[in-house]
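# A look at the structure
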Amino acid sequence: VVDNNGSLSGPLPVQVVPIAPGIFTYGNNRAVVVNADNSVNAAGNGALRGSVMSVYMTGQGTVTPAVATGAAAPSDPLALAPFATKAWIGGAPAQVLFVGLTPGLVGVLQINLVVPYAAPSGDSPLVINIGGWTSNTPTVSVQ
């Protein structure tokens, strides 16, 4: 039910799920990703195969240790997402190295992954699956 200044809507069912991964995007559906050299991944500035990229997103569900709502993520200990995580770039599986909240930021999940050697050159879709729930599919660039 939605309350709009005292006017209530009719009830509607909603699905509440424990995980709803969403990769942050900018521009024309580009993933918010930082390459190994700390530059923003973009057309013409793709990640090298075999290098590590950091993907920024939300919707990971609970973390351990728990972080209070609205609080910045700690750096010691790191707040880790406990669910199995998989990633693909252009359909090629990527090795996931880290899944946890970004220290100093509020509610931002960081996933560090290795760009697969089998990833195609140029722009490709990035997909993350956390605990069986699949993200949106924004674009990343690979050299």
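Report follows, based on the coordinates. Just so it is clear, the structure is predicted and the values come from calculations on it, not from any experiment.

## What about the overall build of the protein?
- On a plain count of helices and strands, the protein comes out with zero helices and 13 strands.
- When the elements of the protein are put in sequence order from the N terminus, they spell out β-β-β-β-β-β-β-β-β-β-β-β-β.
- Burial statistics for the protein: of 143 residues in total, 40% are counted as buried.
- By element, 58% of the accessible surface of the protein is carried by carbon and sulfur atoms, the whole surface being about 7600 Å².

## Comments concerning the environment of Ala 81
- Summarising the element assignment, Ala 81 is placed in the loop between strand S7 (52–58) and strand S8 (85–89).
- We classify Ala 81 as buried; its relative accessible area is 11%.
- For Ala 81 and Pro 13, which are 68 residues apart along the polypeptide, the C-alpha to C-alpha distance reads 28 Å.
- Residues within four places of Ala 81 in sequence aside, it is in contact with Gln 60, Thr 62, Val 63, Val 99, Gly 100 and Leu 109.

## Section: the nonpolar core
- Counting 23 residues, the largest nonpolar core has Val 55, Ile 89, Ile 111, Leu 113, Leu 126 and Ile 128 as its most contacted members.
- Of all the secondary structure elements, the ones that give two or more residues to this core are S7, S8, strand S9 (92–101), strand S10 (109–114), strand S11 (122–130) and strand S13 (139–142).
- Those residues in contact with Ile 128, other than ones at most four positions away along the chain, are Pro 21, Ile 23, Met 57, Thr 85, Lys 86, Ala 87, Ile 111, Leu 113, Trp 133, Thr 134 and Ser 135.

## Observations regarding the environment of Tyr 26
- Relative to the helices and strands, Tyr 26 resides in strand S4 (residues 25–26).
- According to the relative accessible area criterion, Tyr 26 is partly exposed, its value standing at 32%.
- Between the C-alpha atoms of Tyr 26 and Pro 138, which are 112 residues apart in sequence, the distance is 9.2 Å.
- When sequence neighbours within four positions are dropped, the list of residues in contact with Tyr 26 reads Ala 31, Val 32, Val 40, Asn 41 and Ala 42.

## Here we look at the side chain of Asn 112
- Mapped onto the secondary structure, Asn 112 falls in strand S10.
- Polar side-chain contacts of Asn 112 include one of 2.8 Å to the side chain of Ser 54.
- Among the polar contacts listed, one links the side chain of Asn 112 to the side chain of Gln 110, at a separation of 2.9 Å.

Rules used in this analysis
- Residues numbered from 1 in each chain as written.
- Predicted model: local features only at pLDDT ≥ 70, side-chain atom pairs only at ≥ 80, totals over all residues.
- Heavy atoms only, no water.
- Helix = DSSP H or I, 4+ residues; strand = E, 2+ residues; numbered from the N terminus.
- Buried < 20%, exposed > 50% of the residue type's maximum accessible area, 1.4 Å probe, protein only.
- Areas by Shrake-Rupley, 256 points an atom, 1.4 Å probe, with all protein chains shown as cover.
- Contact = heavy atoms within 4.5 Å.
- Core = buried A, V, L, I, M, F, W, Y, C linked by side-chain atoms within 4.5 Å.
- Polar contact = N/O pair within 3.5 Å; in protein donor to acceptor, adjacent residues only side chain to side chain.

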